[in-house]
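Report on the structure
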Amino acid sequence: MKVFKEIAAQISFFTIIPSVKASLEEVAEMSFLSPIIVGLITSAIDFLILFLTYPFLGKLSFLLLIPTVEIIRGFHHLDGLLDFGDAIMVRDYSKRLKVLHDVEVGSGGIGMLIVYLSLFLLAVLSLNKISYFPLLISETESRALGIFLLSLMKPMEGSYMGKLFHERLNKPWKILVIVVQIVLLGNVEILISFILLSLIFYLLGMKTLNGSSGDFVGAIITLSFPIFLLVSERNCYPFFISLYSLILH
């Protein structure tokens, strides 16, 4: 029962969807499963919103993905993106850590917000039809990217959450399960994108924060979602057609 509680707690921790209550330690213990668990649920909600609004709004309904994704997340990851944007604008490391944890939003945070919204707008404008698979891939791969780097990168100075999740995730078999989730829903283009984004964010995190943190992972998930959506919309269909054919035969 404890295992099921820890698994179900991923939903309430990473979204605003009510689920069982669990301690942060319990959530961290099973967080290696959060990409597929949370991704399946959130992508279904994304798809439902598009399905219900498309008959009335047409392609304008795709724009609703932006507020839908953020509302489901409770704006938590977006807050991490804004904090990270402010932090990277500060050169002194000790001051950078203070800025990362303050409640004010500066020019760096606003700049990051503009980058994110621009990427998201580009991604939704590239959508041609309602399809569940690009949403599933984007929700799962973006979360897997954050969890994957959290498992590999050392926690930055003073990051309790980064340290806790890293200690719970930094086990070979858990990293393997994360990788399986990544590969399961990724075609060649998605996997190449995942590798490139992993390298970029890893180097960025080590250079600016000297490690990972909850805010940094929030920034990763937020920024990578529209990128995966853009890539998956353009390239995922041949992969799934081949997969279906293989299963049917």
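A brief report on the enclosed structure follows. This one's a predicted model, so the numbers in the text were calculated from it and none came from an experiment.

**Here's the deal with the side chain of Thr 222**
Positionally, Thr 222 belongs in helix H12 (residues 214–248). Setting aside anything within four residues of it in sequence, one finds Thr 222 in contact with Glu 70, Arg 73, His 77, Leu 78, Leu 81 and Tyr 116.

**Let's talk about helix H9 (residues 160–169)**
Among all positions of H9, only Gly 162, Leu 164, Phe 165, His 166 and Leu 169 are buried. Buried residues along H9 sit against helix H1 (2–14), helix H2 (24–29), helix H8 (132–152) and helix H10 (172–184). Put simply, Ser 159 is the residue that caps the front of H9, since its side-chain oxygen is 3.0 Å from the backbone nitrogen of Gly 162.

**Details of unusual backbone geometry**
The backbone of Phe 75 sits at a positive phi, close to 60°, despite the residue not being glycine. Owing to a relative accessible area of 44%, Phe 75 belongs among the partly exposed residues under this scheme.

**Considering the nonpolar core**
Core analysis: the largest hydrophobic core is formed by 58 residues, its most contacted members being Leu 65, Phe 120, Leu 145, Phe 201 and Leu 229. With ten residues, H12 is the single largest residue contributor to this core. Sequence-distant contacts of Phe 201, that is, excluding residues within four places in its chain, are made with Leu 145, Leu 149, Phe 216, Ile 220 and Leu 223.

**Regarding empty space enclosed by the protein**
Empty space among the atoms becomes visible once a probe the size of a water molecule is rolled across them. Per the stated rule, a full pass over the model turns up one cavity of 30 Å³ or more. There is about 40 Å³ of room inside the largest cavity. What lines the largest cavity is Leu 50, Phe 62, Leu 127, Lys 129, Ile 130, Ser 131, Pro 134, Leu 135 and Leu 229.

**Quick notes on the packing of H8 against helix H11 (residues 188–208)**
Packing of H8 against H11 leaves a shortest axis separation of 11 Å and a crossing angle of 35°. When the axes of H8 and H11 are compared, the crossing they make is right-handed. Residue-level contacts link Ile 137, Glu 141, Ala 144, Leu 145, Phe 148 and Leu 149 of H8 to Ile 190, Phe 194, Leu 197, Ser 198, Phe 201 and Tyr 202 of H11. A breakdown of the residues in the contact of H8 with H11 according to their chemical character gives ten nonpolar, one polar and one charged.

**Overview of the layout of surface pockets**
The volume enclosed by the largest pocket comes to roughly 370 Å³. Surrounding the largest pocket, 21 residues form its lining, Phe 13, His 77, Met 161, Gly 214 and Asp 215 being those nearest its centre. Listing elements by their share of the lining of the largest pocket, those giving two or more residues are H1, helix H5 (76–87), helix H6 (93–101), H8, H9 and H12. In terms of residue count, H12 provides more of the lining of the largest pocket than any other element does, five residues in total.

**Details of the packing of aromatic side chains**
In the structure shown here, the tally under the stated rule is 13 aromatic pairs. Taking 6.5 Å as the distance between ring centres and 70° as the angle between the ring planes, the aromatic pair formed by Phe 201 and Phe 216 counts as edge-to-face. In this pair, Phe 201 sits in helix H11 while Phe 216 sits in helix H12, placing the two residues 15 residues apart along the sequence. Each member of the pair, Phe 201 as well as Phe 216, carries the same accessibility label: buried. Among the aromatic residues, ring-to-ring pairing joins Phe 47, Phe 51, Tyr 132 and Phe 133 into one connected group. Over the ring of Phe 225 we find Arg 73; its NZ or CZ atom is 5.2 Å from the centre of that ring.

Calculation rules
- Residues numbered from 1 in each chain as written.
- Predicted model: local features only at pLDDT ≥ 70, side-chain atom pairs only at ≥ 80, totals over all residues.
- Heavy atoms only, no water.
- Helix = DSSP H or I, 4+ residues; strand = E, 2+ residues; numbered from the N terminus.
- Contact = heavy atoms within 4.5 Å.
- Buried < 20%, exposed > 50% of the residue type's maximum accessible area, 1.4 Å probe, protein only.
- Polar contact = N/O pair within 3.5 Å; in protein donor to acceptor, adjacent residues only side chain to side chain.
- Core = buried A, V, L, I, M, F, W, Y, C linked by side-chain atoms within 4.5 Å.
- 1 Å grid on protein atoms, 1.4 Å probe; cavity = no way out; pocket = protein on both sides within 12 Å on 5 of 7 lines; lining within 4 Å.
- Points joined across faces, edges and corners; volume = space filled by probe spheres on them.
- Axes fitted to C-alpha atoms, helices over the stretch in contact; angles between N-to-C directions.
- Left-handed = near helix turned anticlockwise from the far one by under 90°.
- Nonpolar A, V, L, I, M, F, W, Y, C, P; charged D, E, K, R; others polar.
- Phe/Tyr/Trp six-rings, centres within 6.5 Å; stacked < 30°, edge-to-face > 60°.
- Lys NZ or Arg CZ within 6 Å of the ring centre and 35° of its normal.

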